[in-house]
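Coordinates in review
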Amino acid sequence: MRKSLIILSALAAALIPASSASCSGDKAEKSAVDFTSTAHTEVYDVTRYNRPQYQWFIFDKDKTVIDSGISEDTAPEISETDTKISVYFSAGDGEYMYREYYPQSGGMTDLYQCITDEKGNRICFSDKAGTFNFAEVLHKYWDTEEGVNRDFFTNLDEYVIEDEVSAFKRAANEINTSYNSADIAFDEGNNMWAVTFGTIGETGGQTVYLDGKGKTRLIISEE
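Owing to the predicted nature of the structure, the values given are computational and were not obtained by experimental measurement.

**Describing the overall build of the chain**
Summing up its helical and strand segments, the chain has 3 helices and 17 strands in all. The buried share among the 223 residues of the chain stands at 43%. By sequence separation, contacts in the chain at least 24 residues apart represent 43% of the contacts at least 6 residues apart. Working note: accessible area of the chain is about 12,600 Å², and carbon and sulfur atoms make up 47% of it.

Structure follows, in structure tokens:
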């Protein structure tokens, strides 16, 4: 997931004047500049050695850089209104990522990864996992049977979980119901992943708990 997008810090980007962005490559050309009453974006083609790359900057209404980065393979698609900027990045194989910015307040969302799983479900989730404590989960459900699966799992072999996307895809093997949302969390101390599948606008869902070897250790279903 992260191979398709390298996020640079806004602080570092702020040190680079917009007019000098093309210095990243001798043949760089400005490919798009869009202005609104509140902000604007600039994208530069900095392809070198036949490897497509696009340097992008997002400025607030005071012409201060609020974010920047390099998108590989294809230029990001940018949609702007008076209150919001949406930037979409191709991640290959029909997948993409996006982030939304709110220039008037200076806020921005997490970077969201959007993929189609093996069941055909189209889903987007933050690439920044939340946190949880697996020991607390075990304590909460230790004497509960309803909605708790401790024994019958699909993920029994070892599987390397590299990031949020691979955790999501691995956990999805255990889900037989439809869903269109997912929340991902990581317990660093216990090296455990928690992926909660649900439906937007509805309560409840199923949470799959995976260990560091990609094996399912617990599934909780709640309504």
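Read on for the rest.
**Structural notes on the environment of Trp-56**
Looking at the element boundaries, Trp-56 is found in strand β4 (residues 53-59). Sequence separation between Trp-56 and Pro-76 is 20 residues, and the spatial gap between their C-alpha atoms is 8.0 Å.

**What about the pattern of salt bridges?**
Tallying each qualifying case throughout the model produces 5 salt bridges. The partner of Glu-158 in a salt bridge is Lys-213, with the nearest N and O atoms 3.9 Å apart. With Glu-158 in the loop between β13 (148-149) and α3 (164-172) and Lys-213 in the loop between β16 (205-211) and β17 (216-222), this pair connects stretches of sequence that are 55 residues apart. Note that Asp-211 and Arg-217 form a salt bridge whose closest N and O atoms lie 2.7 Å from each other. Overall, the relative accessible area of 9% leaves Asp-211 in the buried class. Overall, Arg-217 belongs to the partly exposed group, its relative accessible area being 44%.

**Describing the side chain of Asp-163**
With respect to the element layout, Asp-163 can be found in the loop between β13 and α3. Residue Asp-163 is classed as buried on the basis of its relative accessible area of 13%. Polar side-chain contacts of Asp-163 include one of 3.0 Å to the backbone nitrogen of Ser-166.

**Concerning the layout of surface pockets**
When its volume is computed, the second largest pocket comes out at roughly 220 Å³. If you go around the second largest pocket, you meet 15 residues; those closest to its centre are Tyr-112, Cys-124, Phe-125, Ser-126 and Ala-182. Mapped by element, the contributors of at least two residues to the lining of the second largest pocket are β11 (122-126) and β14 (181-187). No other element matches β11, which puts 5 residues into the lining of the second largest pocket. Taken together, the residues of the lining of the second largest pocket sort by class into 9 nonpolar, 3 polar and 3 charged.

**A few points about the confidence of the model for the chain**
The predicted model of the chain averages 77 in pLDDT, with 80% of residues at 70 or higher. Scored below 50 in pLDDT, residues 1-35 shows 74 contacts in the model against residues more than four places distant or in partner chains.

**A closer look at the packing of aromatic side chains**
Scanning all chains against the criterion turns up 10 aromatic pairs. When the centroid spacing of 5.6 Å and the interplanar angle of 45° are considered together, the rings of Phe-134 and Tyr-209 count as tilted. Of this pair, Phe-134 sits in helix α2 (residues 134-141) while Tyr-209 sits in strand β16, and the two are 75 residues apart along the sequence. Every member of this aromatic cluster is reached through a ring pair, and the members are Phe-125, Phe-168, Tyr-179 and Phe-197.

**Here's the deal with the sheet that holds β13**
With mixed pairing, 6 strands are arranged side by side in an open sheet as β12-β14-β15-β16-β17-β13. Every interior strand has two partners, whereas the edge strands, β12 (130-131) and β13, have only one. Note that β13 and β17 share 2 bridges and pair antiparallel. Bridge assignment links Val-148 to a residue of β17, and that residue is Ile-220. Against the sheet, α2 touches β13, β14, β15 (192-198), β16 and β17, its axis set at about 55° to β17. Docked against the sheet, α3 engages β14, β15 and β16, running at close to 65° with respect to β15.

Definitions and limits used
Residues numbered from 1 in each chain as written. Predicted model: local features only at pLDDT ≥ 70, side-chain atom pairs only at ≥ 80, totals over all residues. Heavy atoms only, no water. Helix = DSSP H or I, 4+ residues; strand = E, 2+ residues; numbered from the N terminus. Buried < 20%, exposed > 50% of the residue type's maximum accessible area, 1.4 Å probe, protein only. Contact = heavy atoms within 4.5 Å. Areas by Shrake-Rupley, 256 points an atom, 1.4 Å probe, with all protein chains shown as cover. Salt bridge = Lys/Arg side-chain N within 4 Å of Asp/Glu carboxyl O. Polar contact = N/O pair within 3.5 Å; in protein donor to acceptor, adjacent residues only side chain to side chain. 1 Å grid on protein atoms, 1.4 Å probe; cavity = no way out; pocket = protein on both sides within 12 Å on 5 of 7 lines; lining within 4 Å. Points joined across faces, edges and corners; volume = space filled by probe spheres on them. Nonpolar A, V, L, I, M, F, W, Y, C, P; charged D, E, K, R; others polar. pLDDT = per-residue confidence, 0-100. Phe/Tyr/Trp six-rings, centres within 6.5 Å; stacked < 30°, edge-to-face > 60°. Pairing = 2+ DSSP bridges. Axes fitted to C-alpha atoms, helices over the stretch in contact; angles between N-to-C directions.

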